[in-house]
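Below are the chains, spelled out letter by letter.
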Amino acid sequence: MGSYTGAVVKTSVKIVLISTYELGRQPFGLASPAAVLRKAGHRVICKDLARQALDESAIREADLIAIYLPMHTATRLASQLLPNLRAANPRAHVCCYGLYAPMNAEYLRSLGVATVLGGEFENNLLHLAERLTRTNGAAGSGLPQEESLVSLERLNFEVPDRSGLPELRKYAHLIIPGNGYRIVGSTEASRGCKHLCRHCPIVPVYNGVFRIVPRGIVLEDIRRQVAAGAQHISFGDPDFFNGIGHAIPLVEEFHGEFPDVTYDVTIKIEHLRKYDDQVLKLKSTGCLFVISAVESVDDAVLAALEKGHTRADFLHVAARFRLLNMTLHPTFVPFSPWTTMESYLDLLRVICEEELTENVAPIQLGIRLLIPEGSRMLELEDIRRAIGPFDSQSLVYPWKHADARVDALAERVQEIAAGADREKLTRSAAFEQVWEAAHWFAGVAVPPLSLGGGARAIPFLSEPWYCCAEPTSDQLISIGKPKPVVATSTISREDFV
């Protein structure tokens, strides 16, 4: 979709919705509000800058420019983009919305953002558009914010409108070793979370509240994506089992209608234990893997993070998944002020012993604890002692480890992860490099590494970076560069690079 044409219609405004990055997924955070705004008669252009070039003519003509900020990386990319948007169209009203918008409200306003919206944002975006309509767009950047900074209202969702976004095959794809690729669609069945994990960025906004997207809306969104070529659906819910009574009937109906379409979900270890009897239901309805934020195997760290599970819980779930021949993708925050060389080596041993070396993306072994504005981590005295002043450029409270070896190891592991991605190494090969580096930095002999069943090839999504990682400048440039769109009906590896 290009620039707007036709005469000015005084009952609507011209809107550009922008996503800078969403883990290689086609952004639900553009498609959902686009449906609401278009239904009301507004003229909407969606631009996913991770896959598309910015439409400068649309920016110049827009009355409202709204940027979606679902995660830290997206926010940093948006901060680089905002000065250019303001220069191209100083009269437009600029809005930032999504999870990371309210926690960075002050900084975003300093960059010329007039309205900041968090939580359930669709209705507030519509309200803002209607207010601009009443001024015929003339108020522009001078229109003061009336909408609440954070809304947790129950919305009447519309089926996401994905028109104007790149086709699904241009996004992250599913890699099935020995069996090629599958085109991936994505959707959300819920937002927010009823848990209060101390380090989680959802907590400052939702504070224990979660909202479901009606089953009919989710299923129709899936139908349209399957019709567009999706062979696998990635559910973007923070925790798919927050509403177990919503989740299980949804996947049963989904599988009944599309028995050949697989899916993945994200579920807490705590919920995988609590709803142990429902795990097999996931497998029988086509779930290829479950992502779970384990974060640590140190019980003291897990208690500080208020994760709601223990090391023993994680080991139980890992054993349960092996027994059921299911795939668990654990994610970690292995580097924090509490990390020791010994605890990091212990984490690597556990991953190896639990046969998970292929299940853990290499970048997960190098992630440092992220402490953004509003984080509950700031409640802890030892964290407050470890951090420096808030860095508005990186949008975090920086910290250095008391043991310089730990920070040096983190940097080395991140280099290994980036190199493994460039060279297309197997995850086990990257793990072996991390194993050797960790023992070298610890100053101990490198024991033999026996991967055993851990080298079993498993399905995973191709997007290499994660929202909880603090990206380097080079990574930001790489992530923010639009990916080429190749007009071909043949899927090849190059289509996804």
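Preceding this section is the structure that the text describes.
Residues numbered from 1 in each chain as written. Predicted model: local features only at pLDDT ≥ 70, side-chain atom pairs only at ≥ 80, totals over all residues. Heavy atoms only, no water.

K.L.:
Any chance you could break down the pairing of strand 12 (residues 232-235) for me, citing the residues and the numbers?
P.N.:
Burial along strand 12 is two-sided: His232 and Ser234 facing one way and Ile233 and Phe235 facing the other are all buried. In terms of strand pairing, strand 12 meets strand 13 (residues 262-266) through three bridges, oriented parallel. Within strand 13, the position partnered with Ile233 by the bridge is Tyr263. Since strand 12 and strand 13 lie parallel, the crossover through helix 9 (residues 244-257) that links them has a hand, and here it is right-handed. (Buried < 20%, exposed > 50% of the residue type's maximum accessible area, 1.4 Å probe, protein only. Helix = DSSP H or I, 4+ residues; strand = E, 2+ residues; numbered from the N terminus. Pairing = 2+ DSSP bridges. Right-handed = clockwise from strand over helix to strand, strands pointing away.)

K.L.:
Go over helix 3 (residues 72-88), please, and point to the residues and values.
P.N.:
The terminal C-alpha atoms of helix 3 lie 25 Å apart, and with 17 residues this matches the ideal 24 Å at 1.5 Å per residue to within 8%. At Leu81, helix 3 shows its strongest bend, of approximately 35°, with the proline Pro83 following within four residues. Taking burial as the measure, the 17 residues of helix 3 include twelve buried ones, the bulk of the element. Among all positions in helix 3, only His72, Thr73, Ala74, Thr75, Arg76, Leu77, Ala78, Ser79, Leu81, Leu82, Leu85 and Arg86 are buried. (Expected span 1.5 Å × (residues − 1). Bend = angle between axes of the 7 residues up to and from the residue.)

K.L.:
Mind laying out empty space enclosed by the protein, listing which residues take part and the relevant values?
P.N.:
In this approach a probe as big as a water molecule rolls over the atoms, and the regions it shows empty are the leftover space. Applying the stated criterion to the full structure yields six cavities of 30 Å³ or more. In this model, the second largest cavity occupies a volume close to 140 Å³. Every residue lining the second largest cavity is counted, 14 residues in all, and those nearest its centre are Ser296, Asp298, Pro334, Thr339 and Ser343. Per-element tally for the lining of the second largest cavity: the top contributor is helix 14 (residues 341-353), with four residues. Its residues placed into classes, the lining of the second largest cavity shows seven nonpolar, four polar and three charged. (1 Å grid on protein atoms, 1.4 Å probe; cavity = no way out; pocket = protein on both sides within 12 Å on 5 of 7 lines; lining within 4 Å. Points joined across faces, edges and corners; volume = space filled by probe spheres on them. Nonpolar A, V, L, I, M, F, W, Y, C, P; charged D, E, K, R; others polar.)

K.L.:
Got a sec to walk through the packing of helix 8 (residues 215-227) against helix 9? Specific residues and values, please.
P.N.:
Put simply, helix 8 and helix 9 touch, their axes get as near as 11 Å, and they point 35° apart. The two elements helix 8 and helix 9 meet at a crossing, and its hand is right-handed. Where helix 8 abuts helix 9, its residues Arg215, Val218, Leu219, Ile222 and Arg223 lie against His246, Pro249, Leu250, Glu253, Phe254 and Glu257. Partitioned by chemical class, the residues of the contact of helix 8 with helix 9 number six nonpolar, one polar and four charged. (Axes fitted to C-alpha atoms, helices over the stretch in contact; angles between N-to-C directions. Left-handed = near helix turned anticlockwise from the far one by under 90°. Contact = heavy atoms within 4.5 Å.)

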